[in-house]
There are 2 protein chains.
Amino acid sequence: MITVHHLNNSRSQRILWLLEELGLDYEIVSYQRDATTNFAPEILKGVHPLGKSPVLTDGDRTVAESGAIVEYLIRKYGRDRLMPNEDSAEFVSYLHWMHYAEGSAMLPLMLSLYVMRLGEAGKPLHPRIESEVQNHFGYMNEALGQSDFFVGNALSGADIQLTFALEAAKSLGLLSGFGNLERYLGKMHERAAYKRGIERGGQYDLGK
Amino acid sequence: MITVHHLNNSRSQRILWLLEELGLDYEIVSYQRDATTNFAPEILKGVHPLGKSPVLTDGDRTVAESGAIVEYLIRKYGRDRLMPNEDSAEFVSYLHWMHYAEGSAMLPLMLSLYVMRLGEAGKPLHPRIESEVQNHFGYMNEALGQSDFFVGNALSGADIQLTFALEAAKSLGLLSGFGNLERYLGKMHERAAYKRGIERGGQYDLGK
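In what follows, the accompanying structure is described. Counting of residues starts from 1 at the beginning of each chain's written sequence and follows it residue by residue. Think of it this way: whatever chain is written first is A, whatever ligand is written first is 1, and the rest follow in order. The model is predicted, so local features are restricted to residues of pLDDT at least 70 and side-chain atom pairs to those at 80 or more, both for listing and for counting; the totals for chains, interfaces and linings are taken over all residues. To obtain the side-chain values, all non-hydrogen atoms of the structure were included, while hydrogens and water were left out.

A look at the interface of chain A and chain B
So, step 1. Whether two residues are in contact is decided by their heavy atoms: any pair within 4.5 Å suffices. Taken residue by residue, the interface counts 44 residues in chain A and 44 residues in chain B.
So, step 2. Throughout, the accessible surface (probe 1.4 Å) given up by two parts as they are put together, summed over both, is called the buried area. Across the chain A/chain B interface, buried area totals approximately 4000 Å², and carbon plus sulfur atoms make up 67% of it.
So, step 3. A pair is scored as a salt bridge if a Lys or Arg side-chain nitrogen falls within 4 Å of a carboxyl oxygen belonging to Asp or Glu. Taken together, chain A and chain B are joined by four salt bridges.
So, step 4. Put simply, B:K52 and A:E132 hold a salt bridge, and the shortest N to O gap is 2.6 Å.
So, step 5. In protein, a polar contact means a hydrogen-donor-capable atom and an acceptor-capable atom, both N or O and within 3.5 Å, with residues adjacent in sequence counting only if both atoms are side-chain atoms; elsewhere, any N or O pair within 3.5 Å suffices. There are 16 residue pairs in polar contact (both at pLDDT 80 or more) connecting chain A and chain B.

What follows is the structure in structure tokens.
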């Protein structure tokens, strides 16, 4: 049985969505963020030493880190779905976006979140953070100018990875002006599998 | 011909190392960081819209984002080297570390670098950043307790990815106390291919 260790309002929501797209059976163990700090609870360290979510167990195998979980599930259960053929030009694009989502796009958002806690004292960093947001979200917005998906003409693991970055940006008020990204996010949210994942996962303020 | 768009003191050094491990021919186009801001020069936007390094071109194909470049090169030219068999348990570990390097380990370092620019004003964030450094580098230190490499008993793309994070941590003075990581980094720096990459790439203060 597949088990998802799921934290509310977190990256683990994307794993529920992916499992629904793949039509797999799974169970959820739920964790709640600390009401004051918004950090993950200490108890998650019992599942994986980093104490982060998502973590997935599949039989005796434990997989942590969003990108690794998405690749693991698609390679094991996707059977030619949600990933382009490795010999195609689109595979290079898939590799790019799969790594780009957490390796690049999330950085200006995480910086925003942290620096926001400083209030006025963080002001000297705002111009750099804003220019990085423009750079990255402008790049993604451009990429979606001619396609409904990040890779080719079909949903892939890259969409699952990137949708979370767009949701996080939206929750920070950083998505307006990027019309293609807003339209894309709306379409992802309309998918039946996405909706089922939200129902199963419970509270997810980022998807609003 | 393979061309690496290489920025001094940056993630592109790892791509030169990988190309040397694979014994491939390649050429380098060099870029220098701005002496005042330490940012990449604007001219890199002519190679890829993000204006970041590394970017690799291979014939008419352009690949950006470290993790994607490493996976691309290993899958195309590695021929069963630097990556475990996809059916093995080690492959899950490979996926984990490949995504973890830029998706998780670099975050507290990038936060450090940014918040450092604020001087005293950034102080309220220091405890959280320090605890994340301890969490992530403690985790990696533990992982290297019983092996010379991150995945199994041989060099893989994951080592290429993670060595940069360790070098960045060392340059910030954050690696002392993590004995396994210091030993590991020393061993990576002794590799002939690593040294050839440094010779080809020129200035690389992070490797000291």
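That was the structure; now back to the text.
A word on the relation of the copies chain A and chain B
So, step 1. A least-squares fit on C-alpha atoms brings the copies together, and the residues used are those whose pLDDT is at least 70 in both copies. For the pair chain A and chain B, the best superposition has an RMSD of 0.0 Å and corresponds to a rotation of 180° with a translation of 0.0 Å parallel to the axis. The superposition of one copy onto the other is thereby described by a two-fold rotation axis. The C-alpha atom lying nearest the rotation axis in chain A is that of A:G103; the distance is 2.3 Å.
So, step 2. Interface overlap between copies is the fraction of interface residues in one copy that are interface residues in the other; for chain A against chain B it reaches 100%, indicating a shared surface.

Side note on the packing of aromatic side chains
Residues and elements named next belong to chain A.
So, step 1. Ring pairs shown here join Phe, Tyr and Trp side chains whose ring centres sit within 6.5 Å, with only the six-membered ring taken for Trp; geometry is labelled stacked below 30 degrees between planes, edge-to-face above 60, and tilted in between. Under the counting rule described, the total for this entry stands at 16 aromatic pairs over all chains.
So, step 2. Each ring, one from F150 and one from Y184, has its centre 5.1 Å from the other, and the planes form 75°; the classification is edge-to-face. Here F150, found in the loop between α4 (126-143) and α5 (157-171), pairs with Y184, found in helix α6 (residues 179-190); they are 34 residues apart in sequence, far enough to count as distant.
So, step 3. Throughout, exposure labels follow a simple rule: accessible area from a 1.4 Å probe, protein chains only, divided by the maximum for the residue type, with under 20% read as buried, over 50% as exposed, and the rest as partly exposed. Relative accessible area serves as the criterion here: at 4%, Y184 is assigned to the buried category. Working definition: helices are DSSP H or I runs of at least four residues, strands are E runs of at least two. Numbering for both runs from the N terminus.

Observations regarding α4(A)
So, step 1. For a helix, the expected span equals 1.5 Å multiplied by the residue count minus one. When the terminal C-alpha atoms of α4(A) are compared, their 25 Å separation across 18 residues agrees well with the 26 Å that a helix rising 1.5 Å per residue should span.
So, step 2. Among the residues of α4(A), those classed as buried are A:I129, A:E132, A:V133, A:N135, A:H136, A:F137, A:Y139, A:M140 and A:N141.
So, step 3. The secondary structure elements touched by the buried residues of α4(A) are α3 (89-116), α5 and α6 of chain A together with α3 (89-116) of chain B.

Some points on the environment of A:L82
Residue and element names in this part refer to chain A.
So, step 1. Turning to its location among the elements, L82 is positioned in the loop between α2 (66-78) and α3.
So, step 2. By relative accessible area, L82 is classed as buried at 8%.
So, step 3. Taking the C-alpha atoms as reference points, L82 and G51, 31 residues apart in sequence, are found 28 Å from one another.
So, step 4. If we skip the residues at most four places from it in the chain, L82 touches L18, E21, L22, I74, Y94, L155, S156 and G157.

A closer look at the pattern of salt bridges
Where charged atoms of side chains with opposite charge meet at close range, the side chains can pair.
All names here are of chain A.
So, step 1. Inspection of the entire model under this criterion finds 23 salt bridges over all chains.
So, step 2. Here E102 and R11 are joined by a salt bridge, their closest N and O atoms 3.0 Å apart. Taken together, the residues span a long stretch of sequence, with E102 in helix α3 and R11 in the loop between β1 (2-7) and α1 (12-21) at a distance of 91 residues.
So, step 3. For R11, a relative accessible area of 22% puts it in the partly exposed group.

What about the sheet that holds strand β2 (residues 26-31) of chain B?
Residues and elements named next belong to chain B.
So, step 1. Think of it this way: DSSP has to see at least two bridges between two strands before they count as a pair. The strand order across the open sheet built from four strands is β2-β1-β3-β4, with neighbouring strands paired in mixed fashion. Every interior strand has two partners, whereas the edge strands, β2 and β4 (61-64), have only one. Pairwise comparison of adjacent strand axes, ignoring direction, gives a mean angle of 20° for this sheet.
So, step 2. Pairing between strand β1 (residues 2-7) and strand β3 (residues 55-58): four bridges, direction antiparallel. Across the sheet, residue V4 finds its bridge partner in β3, namely L56. Each axis is a line fitted through C-alpha atoms, and for a helix only the stretch in contact is used; angles between axes span 0 to 180 degrees, taken between their N-to-C directions.

A few points about the side chain of A:S12
Residue and element names in this part refer to chain A.
So, step 1. Within the element layout of this structure, S12 appears in helix α1.
So, step 2. Polar contacts involving the side chain of S12 include one to the side chain of S10, which spans 2.9 Å.
So, step 3. Ignoring anything within four residues of it in the chain, the contact list for S12 reads H5, H6, L7, S53 and P54.

Remarks on the packing of α3(B) against helix α5 (residues 157-171) of chain B
Residue and element names in this part refer to chain B.
So, step 1. Running from amino to carboxyl end, α3 crosses α5 at an angle of 15°, the nearest separation of the two axes being 8 Å. Considering their axes alone, α3 and α5 lie roughly parallel with respect to each other. Along this stretch, α3 crosses α5, giving a crossing that reads as left-handed. Within the contact between the two elements, α3 uses Y94, W97, M98, Y100, A101, E102, A105, M106 and L109 and α5 uses G157, A158, Q161, L162, F164, A165, A168 and A169.
So, step 2. Think of it as three bins: nonpolar holds Ala, Val, Leu, Ile, Met, Phe, Trp, Tyr, Cys and Pro, charged holds Asp, Glu, Lys and Arg, and polar takes everything else, Gly as well. Here the residues of the contact of α3 with α5 sort into 14 nonpolar, two polar and one charged. We call two directions roughly parallel when the angle between them is under 35 degrees, roughly antiparallel when it is over 145, roughly perpendicular when it lies between 65 and 115, and oblique otherwise. If you view the pair so one helix is near and one far, a crossing is left-handed when the near helix is turned anticlockwise from the far one by less than a right angle, and right-handed when it is turned clockwise.

Note that every value here comes from positions in space, so none of it alone points to a role or purpose.
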